[in-house]
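Summary of the model geometry
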Amino acid sequence: DKRWIKKDILEDITNKKEGEHKLKQAYKVFENAHDGIIITDANVNIINVNKAFERNTGYLLNEVIGQNPKLLKSDIQDLNFYKNMWEELISNNYWEGEIINKRKDGKLYVERLKISTVYNEEKKLVNYIALFSDITLQKEQQKLIKEKEKILQQQSKMVAMGEMIGNIAHQ
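As the structure is a computational prediction, the values presented were derived from the model and not from experiment. (Residues numbered from 1 in each chain as written. Predicted model: local features only at pLDDT ≥ 70, side-chain atom pairs only at ≥ 80, totals over all residues. Heavy atoms only, no water.)

A few points about the overall build of the protein
What the protein contains, in helices and strands, is five helices and five strands. Each helix and strand of the protein, placed in order from N terminus to C terminus, yields the pattern α-β-β-α-α-α-β-β-β-α. Since a compact globule built from 171 residues should have a radius of gyration of about 16 Å, the 26 Å found for the protein marks it as more spread out than a globular shape. Taken along the three principal axes of its C-alpha coordinates, the protein extends 110 × 35 × 35 Å. Taking the intrachain contacts of the protein between residues at least 6 apart in sequence as the baseline, contacts between residues at least 24 apart amount to 36%. Of the roughly 13000 Å² of accessible surface on the protein, a fraction of 56% belongs to carbon and sulfur atoms. The positive charge centre, built from 28 side chains, and the negative charge centre, built from 26, are 3 Å apart in the protein. (Helix = DSSP H or I, 4+ residues; strand = E, 2+ residues; numbered from the N terminus. Rg over C-alpha atoms; globule rule 2.2 N^0.38 Å. Contact = heavy atoms within 4.5 Å. Areas by Shrake-Rupley, 256 points an atom, 1.4 Å probe, with all protein chains shown as cover. Lys, Arg positive; Asp, Glu negative; His and termini not counted. Charge placed at Lys NZ, Arg CZ, Asp CG, Glu CD.)

Details of the sheet that holds strand E3 (residues 94–102)
What the five strands build is an open sheet, ordered E2-E1-E5-E4-E3; its pairing is antiparallel. Since the sheet does not close on itself, it has two edges, and those belong to strand E2 (46–49) and E3, each with one partner. The average undirected angle you get between the axes of adjacent strands in this sheet is 25°. Across nine bridges, the pairing between E3 and strand E4 (residues 108–119) is antiparallel. Following the sheet pairing, Gly97 is matched in E4 by Leu113. Seen against the sheet, helix H4 (residues 79–92) touches E3, E4 and strand E5 (125–134) and runs at an angle of roughly 150° to E3. Packed onto the sheet, helix H5 (residues 136–170) meets E3, E4 and E5 and runs at close to 130° relative to E4. (Pairing = 2+ DSSP bridges. Axes fitted to C-alpha atoms, helices over the stretch in contact; angles between N-to-C directions.)

A closer look at the environment of Lys143
Examined against the element boundaries, Lys143 turns out to sit in helix H5. When its relative accessible area of 55% is taken as the criterion, Lys143 is described as exposed. C-alpha separation for the pair Lys143 and Phe81, spaced 62 residues apart in sequence, amounts to 23 Å. (Buried < 20%, exposed > 50% of the residue type's maximum accessible area, 1.4 Å probe, protein only.)

Observations regarding the side chain of Arg103
Relative to the helices and strands, Arg103 is located in the loop between E3 and E4. Within the structure, the side chain of Arg103 is placed 2.7 Å from the backbone oxygen of Asn56, a separation counted as a polar contact. Among residues more than four places away in sequence, those in contact with Arg103 are Asn56, Thr57, Tyr59, Leu108, Tyr109 and Asp134. (Polar contact = N/O pair within 3.5 Å; in protein donor to acceptor, adjacent residues only side chain to side chain.)

Considering the side chain of Thr57
Structurally, the position occupied by Thr57 is in helix H2 (residues 51–57). A polar side-chain atom of Thr57 sits 2.8 Å from the main-chain carbonyl oxygen of Phe53. Within the structure, Thr57 has its side chain in polar contact with the backbone nitrogen of Tyr59 (distance 3.1 Å). With sequence-adjacent residues up to four places away left out, Thr57 is seen in contact with Leu72, Arg103, Lys104, Tyr109 and Phe132.

In structure tokens form, the structure reads like this:
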């Protein structure tokens, strides 16, 4: 009987150690992720953010704890945008899209945002988790490329018109 009790205790200890290891691993991933991560409670109050969130937004964890992520709101998106976002989040437990938010210093930035709902074993909503990537630079580069394409189109039209005028004058 004592051998079985020792074996059960050893298994419990081993399972606890494995659980602790997985928790430490998950925390390292959370802290070192390149994407910003926001975790809120069911009432959408921030309970944790990672270092990438702090780098991207300029807000420290102690400044945002208990706050609503609305503090990043830029007022670029209208109420309809947020209404649609919440409807999709409620019906699909997930929302993904682009949004323009505002850093602590007031500068706007574009982010690719993914929000997921988290439920406990009793199917009760406990958290929202948002992951975002700052895609401002990519958006600016896309805009530059489009502008250069427009210029190239204008130049090719001018060249074609020049050739046509040249042909007319030659004839």
